[in-house]
Amino acid sequence: MTAKKTGPGVLAAVAALTLTATACGSTGTDTTEDGLTPVTVGVLPITAVAPLYLGVEQGFFEERGLDVTIETGGGGATTVPRVVSGELDFAFGNVASLIIAREQGLPLTVVANGMTTTGDAATDYSALVVGADSDVTSAADLDGATVAIDNLNNIGDTSVRNSVRVAGGDPADLDFIELAFPDMPGALDNGQVDAAWVVEPFLTIALEQGATEIAGNFVDLHPELSIATYFTSDDLIGSDPDTVDAFTEAMNESLAFASDHPEETAQTLTAYTEIDPALFDQLRWPRFRAEIDRDALETLADLMVTDGIVDADPDLDSLIR
């Protein structure tokens with residue numbers, strides 16, 4: 001399947017939100033009774049955002065004058081326009097979505113890292129898997145296969161195509177379909193798809209159901225790849241740089257704390273997921289680094305150009321604050 005870029009849809013969503021939404025983002029409003037600046041952060045309910053919840057719990061944001069409200073919802077297709085319109089102050093999104101957004105002229109900037117691959121396919125929080133009854137043993141064997149990803153023309157299909165190439169196969173005839181991550185283990189189990197790109201906690205669930213890992217798609221792409229980051233609008237950076245600085249500092253401290261305290265990080269999942277605590281010891285985690293590896297992002301950007309997802313080499317200097 002050859003999928004076309006979804007740029008106009010994102011731009012239309014931004015325009016609609018800008019015209020119709022009353023800005024629900026909190027900056028620029030009165031401070032709380034405690035003198036804190038309220039900010040709203042949009043995230044997905046996945047393990048990778050645990051440092052944000054942990055940082056709020058540990059008081060890192062409050063220490064820097066921020067009162068954080070966390071909203072869980074969709075991925076970049078919904079959070080990007082909500083940040084641009086001012087409905088969200090910050091959001092968590094994968095780096096490919098943000099590269100696409102900047103290419104479309106949307107005023108968004110990365111202000112903190114979110115997560116980095118472990119660099120080891122056996123421990124990474126993301127994998128390309130096949131069902132229990134599949135005879136596929138390598139990404140090279142996926143010629144003509146139906147592969148589930150969460151969003152077309154994004155980091156999922158880009159990294160899966162790369163894994164097929166790395167394994168010696170040809171990704172030209174892959175048939176990508178969109179599925180939400182929670183639906184992927186079931187789709188594999190009932191044969192709806194031949195393979196799926198799955199992240200935690202749904203990776204562990206799929207493996208528990210008998211799925212087999214055939215590639216570490218992010219590790220194959222680059223062992224230092226920052227997979228997702230926290231971003232904000234250029235408007236907020238221009239109008240309230242102190243709040244943006246405070247968020248970045250608190251997020252960096254949260255990432256470091258999560259990295260140093262894995263048990264506390266895992267327990268945070270009980271606050272925003274329905275993961276069985278019995279699975280906590282089996283979950284794979286990304287690395288929570290504050291640094292963003294530019295070489296890794298350039299590798300991703302080059303692949304996005306190769307696959308026709310973006311038209312030209314992105315300006316990473318303007319993407320990252």
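Located above this text is the structure these notes cover.
Predicted model, so just to flag it, every value in this text is computed and none were measured.

## What to know about the packing of aromatic side chains
Line of reasoning, step 1. This model, assessed by the stated rule, comprises nine aromatic pairs.
Line of reasoning, step 2. Taken together, a centroid distance of 5.1 Å and an interplanar angle of 80° make the contact between Phe-181 and Trp-197 edge-to-face. Residue Phe-181 is found in the loop between strand S7 (175-178) and helix H6 (184-189), and its partner Trp-197 is found in strand S8 (residues 195-199); the two are separated by 16 residues along the sequence. With respect to class, Phe-181 is no different from Trp-197; both count as buried.
Line of reasoning, step 3. An aromatic cluster is present here, built from Phe-61, Phe-90, Phe-92, Tyr-230 and Phe-247 joined pairwise through their rings.

## Comments concerning helix H10 (residues 241-260)
Since the α-helix packs 3.6 residues into each turn, any two residues three or four apart lie on the same face.
Line of reasoning, step 1. With 20 residues, H10 extends 29 Å between its outermost C-alpha atoms, agreeing within 8% with the 28 Å of an ideal straight helix rising 1.5 Å per residue.
Line of reasoning, step 2. Three or more residues of H10 are buried, namely Thr-243, Val-244, Ala-246, Phe-247, Thr-248, Ala-250, Met-251, Ser-254, Leu-255, Phe-257 and Ala-258.

## A word on the packing of helix H4 (residues 95-103) against helix H12 (residues 294-306)
Line of reasoning, step 1. It is at 11 Å that the axes of H4 and H12 come closest, and there the two elements cross at 65°. Considering the relative orientation of H4 and H12, their crossing is right-handed. Each of Val-95, Ala-96, Ile-99 and Ile-100 in H4 lies in contact with H12, whose residues at this interface are Leu-297, Leu-300, Ala-301 and Met-304.
Line of reasoning, step 2. Of the residues assigned to the contact of H4 with H12, the class counts are eight nonpolar, no polar and no charged.

## Quick look at the sheet that holds strand S5 (residues 126-130)
Within a sheet, adjacent strands bond to each other through the backbone by hydrogen bonds, running parallel or antiparallel.
Line of reasoning, step 1. Within the open sheet, the five strands sit side by side as S7-S6-S8-S5-S9. Their pairing is mixed. Only two strands of the sheet have a single neighbouring strand rather than two, namely S7 and strand S9 (212-215). Looking at each pair of strands side by side, their axes are set apart by 35° on average, direction ignored.
Line of reasoning, step 2. The pairing of strand S6 (residues 146-149) with S7 spans four bridges and is classified as parallel. Within the sheet, the bridge partner assigned to Ala-148 lies in S7 and is Ile-177.

Thresholds, definitions, all that
Residues numbered from 1 in each chain as written. Predicted model: local features only at pLDDT ≥ 70, side-chain atom pairs only at ≥ 80, totals over all residues. Heavy atoms only, no water. Phe/Tyr/Trp six-rings, centres within 6.5 Å; stacked < 30°, edge-to-face > 60°. Helix = DSSP H or I, 4+ residues; strand = E, 2+ residues; numbered from the N terminus. Buried < 20%, exposed > 50% of the residue type's maximum accessible area, 1.4 Å probe, protein only. Expected span 1.5 Å × (residues − 1). Axes fitted to C-alpha atoms, helices over the stretch in contact; angles between N-to-C directions. Left-handed = near helix turned anticlockwise from the far one by under 90°. Contact = heavy atoms within 4.5 Å. Nonpolar A, V, L, I, M, F, W, Y, C, P; charged D, E, K, R; others polar. Pairing = 2+ DSSP bridges.

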